[in-house]
Amino acid sequence: MTHPAIDPSTEQSLSIWFFVGVLMLSCGVLIFGQGIYEFSHPAVAVAAGELPANVLAKYHGAFWWGLAMTLFGGFYTVAFRPGKG
Amino acid sequence: MIQPLHLPGALLLTTQLTHLAPVDIAILLLYFAMVIFIGFYVKGSTNTSEEFFLAGREMSAWIAGLSFVSANLGSLELMGWAGAAYQYGILAAHWYWIGAIPAMLFLGIVMMPFYYISKTHSVPGYLQLRFGEGARAVSAVSFAFMTVLMSGVNMYSMALVMKVVLGWDINFSIWVGAVTVAIYVMLGGLRSAIINEVLQFVLIWAGAALIPILGLIEAGGWANLKVQMIARVGDPSYMHMWSTLGSFSGNPMGVHWTGIVFGLGFVISFGYWTTDFLVVQRVLSANNLRAAQFAPIIGAAFKMFVPFFVIVPGLLALVLLKDGSGHIMQLYPDGSDQVLHHGMHSFNEVLPLMMVRYLGPGLLGLGITALVAGFMSGMAGNVSAFSTVWTYDLYGAYINKKASDSHYVSMGRWCTIIGMLISIGTAYLVMGAASIMDYVQELFSFFIAPLFGTVILGMLWKRATKAGGFWGLLCGTASSVGMWLMVLHDKTNIRFMILQPHASADTIDRVQAMAANLYRALWSWVVCVIVTIVVSYLTKPMPEEALKGLVYGSTIIPDDGSTKVYQKPIFWAIVVATVLFILNLWLW
């Protein structure tokens, strides 16, 4: 059950895994950027209607999750870029 | 998922939960742009019917497997089962474990060779090869009818959720969702749908996994969650999978282990995962038999961990979800007085409520995009399966048998548009009368269990005849409808389905709709099997020649090329089954 090095699923030059990489990388960069912004502008637990929201903002989820997504997406984008293999 | 879910018409009455920041909107727009791009991009390689309807049968095991599990990972299901976990506790995880994994492994190891070797393009197509036109017609008509209706239900649910969570206009959501899905499925067929399902799968993991992680941090870990749960609900059964299933009254769902094992684990689960063409179509797109066998096993491995971001948030909400004044928030059933008239939130809103609680700007956009992707992929799955069954099993079989290949591709593209328009009509119909949604989902369950009886006998029993298959399928379906009407007429009739004719009123009250469905499926399957066997013995056996490639014992399964034990599908199926067993033991 090994992960295929080359995606044999399409005859096109763009692999499905490349699309996965680009989407994760783009979202990751946006979220990571938001996370960096929140270091200088800390997000408070703002209320959405009557509900407490973003209650664990102190853990900087956007920064860490955005970073993880950027790395994951970056890896897939590079590993399955058009023309490779 | 494999069980009717009842998303609330009552949601309409609650207030908007949150709003999106610019970064959230950017993420959502990015997703839409990519989806449309993929549709245009793959159009150039979907020229033949094989390419349009079966993605050219060239998908790898990983892609077919992720698409297989993703086709079932719709947002309707995610939200519904998170709500079920809040309502029934960890018992809801049965629908992801025993209610899915064994059937997926069985599909890969036992059934896939017959689907694949027969070169069928659909499940009704297999029935035609094995049991003739009658069985195919019954199966194709019911499936085509139900898929477009289900697509409409998905569409309406998405619009409703977007209205509740973000305050979006329902018409706007319906039309944007429908047009987007229609564009990418019409252009790229199944190939486009599969690529988007893989994207959706990754998005859902990325968008939803942070909720249980942060929730468990706030709760102080799993052990602390259990302690707080017992203190909160005063009932340890919320955290046990099996130990409370000895009686109908010992657990929050009102279900007995026989219902879970035989009704859910065997009939409903096997019926859904092995014969519902919506999911089987994904596996049929695999590029060789070994990949087709591996795909459901890979799907099962991922499916096993879905409860982490569906069931766990539901459990966490029971002890962590608080209102503005810091008190634990109580959620209520849909349609209850509290939801309808007092503005309280319903069970099915658990997941959006937890999103709001833990996800800030950016992450919230990711979570919302994952939900939207789930809804759209649900629509795309239904519409692409509809266009295949309509074109191959109805139009090509009964209306125009000798058209050119390009004509069938055009028919498939037009079908996508027409199917989407019918879905939009259904969505507006449901908007007018929310109870229609419940009925549509109930209807879907009528066909699944008997169809499994017919297919499994067809694959494993050579003596099953065409007449046996047809009458078994018809009688099984009719019995399922009959039992449903019987309970609709008088709820106390459930006592006959659970084989307790003298059951007390209290026991009957505790048997929830979910549990009743398990027994209805079980008995309709039994009826189908008995009728098939009896009619088969009363009719002439089919010649051995006609069974080649279709039935166990008459089919030579080609060597899959595995040389080492870890390359064999059966090895990984055993690994997955072992992990499943350990998880169940842990949460016994």
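Residues numbered from 1 in each chain as written. Chains lettered and ligands numbered in written order. Predicted model: local features only at pLDDT ≥ 70, side-chain atom pairs only at ≥ 80, totals over all residues.

Caption draft 1: Quick peek at the overall build of chain A. The secondary structure content of chain A amounts to two helices and two strands. Helices and strands appear in chain A in the N-to-C order α-β-β-α. The proportion of buried residues among the 85 residues of chain A is 40%. Restricting to contacts in chain A with at least 6 residues of sequence separation, those with at least 24 account for 74%. (Helix = DSSP H or I, 4+ residues; strand = E, 2+ residues; numbered from the N terminus. Buried ≥ 20, exposed ≤ 12 C-beta atoms within 10 Å, placed from the backbone. Contact = placed C-beta atoms within 7 Å.)

Caption draft 2: Quick look at the interface of chain B and chain A. Residue-level contacts link 43 residues of chain B with 37 residues of chain A. Counting only elements with at least two residues in the side of chain B that touches chain A, the list comes to α1 (22-43), α3 (61-70), α8 (170-208), α9 (210-219), α13 (289-303), α16 (350-358) and α17 (363-399) of chain B. Ranked by residues supplied to the side of chain B that touches chain A, first place goes to α1(B) with eight residues. Among the residues making up the side of chain B that touches chain A, the classes are represented as 29 nonpolar, nine polar and five charged. (Nonpolar A, V, L, I, M, F, W, Y, C, P; charged D, E, K, R; others polar.)

Caption draft 3: A look at unusual backbone geometry. All names here are of chain B. A positive phi angle, near 45 degrees, is found at Arg57, a position not held by glycine. With respect to the helices, strands and loops of the structure, Arg57 is situated in the loop between α2 (49-54) and α3. On the basis of neighbour count, Arg57 is assigned to the partly exposed category, with 19 C-beta atoms found within 10 Å. Look at Lys119: it is not a glycine, yet its phi comes out positive at around 60 degrees. The topology assignment puts Lys119 in the loop between α5 (101-117) and α6 (123-131). We classify Lys119 as exposed; it has 12 C-beta atoms within 10 Å.

Caption draft 4: Quick look at the confidence of the model for chain A. Here chain A shows a mean pLDDT of 80. Residues at 70 or above account for 74%. Scored below 50 in pLDDT, residues 1-11 of chain A shows 25 contacts in the model against residues more than four places distant or in partner chains. (pLDDT = per-residue confidence, 0-100.)

Caption draft 5: Representation of the environment of Thr391(B) in the model. All names here are of chain B. Its place among the elements puts Thr391 in helix α17. In the structure, Thr391 is positioned 22 residues away from Arg413 in sequence and 9.8 Å away in space, judged by C-alpha atoms. The residues contacting Thr391, other than those within four sequence positions of it, are Phe53, Gly396, Tyr408, Met411, Gly412 and Cys415.

Caption draft 6: Main features of the confidence of the model for chain B. All names here are of chain B. In the predicted model, chain B carries a mean pLDDT of 86, and the fraction of residues at 70 or more is 94%. Of all helices and strands in chain B, the one with the weakest mean pLDDT is helix α22 (residues 505-510) (67), whereas helix α24 (residues 569-586) scores best (95). In the model, residues 1-14 has pLDDT below 50 throughout and makes 49 contacts with residues more than four positions away in sequence or in other chains. Under the prediction, the complex receives an ipTM of 0.85, its pTM being 0.87.

Caption draft 7: Just helix α7 (residues 133-166) of chain B, in detail. Here α7(B) spans 48 Å end to end across 34 residues, near enough to the 50 Å set by a 1.5 Å rise per residue. Count one or two residues on from α7(B) and you reach Gly167(B), which has phi positive near 80 degrees. (Expected span 1.5 Å × (residues − 1).)

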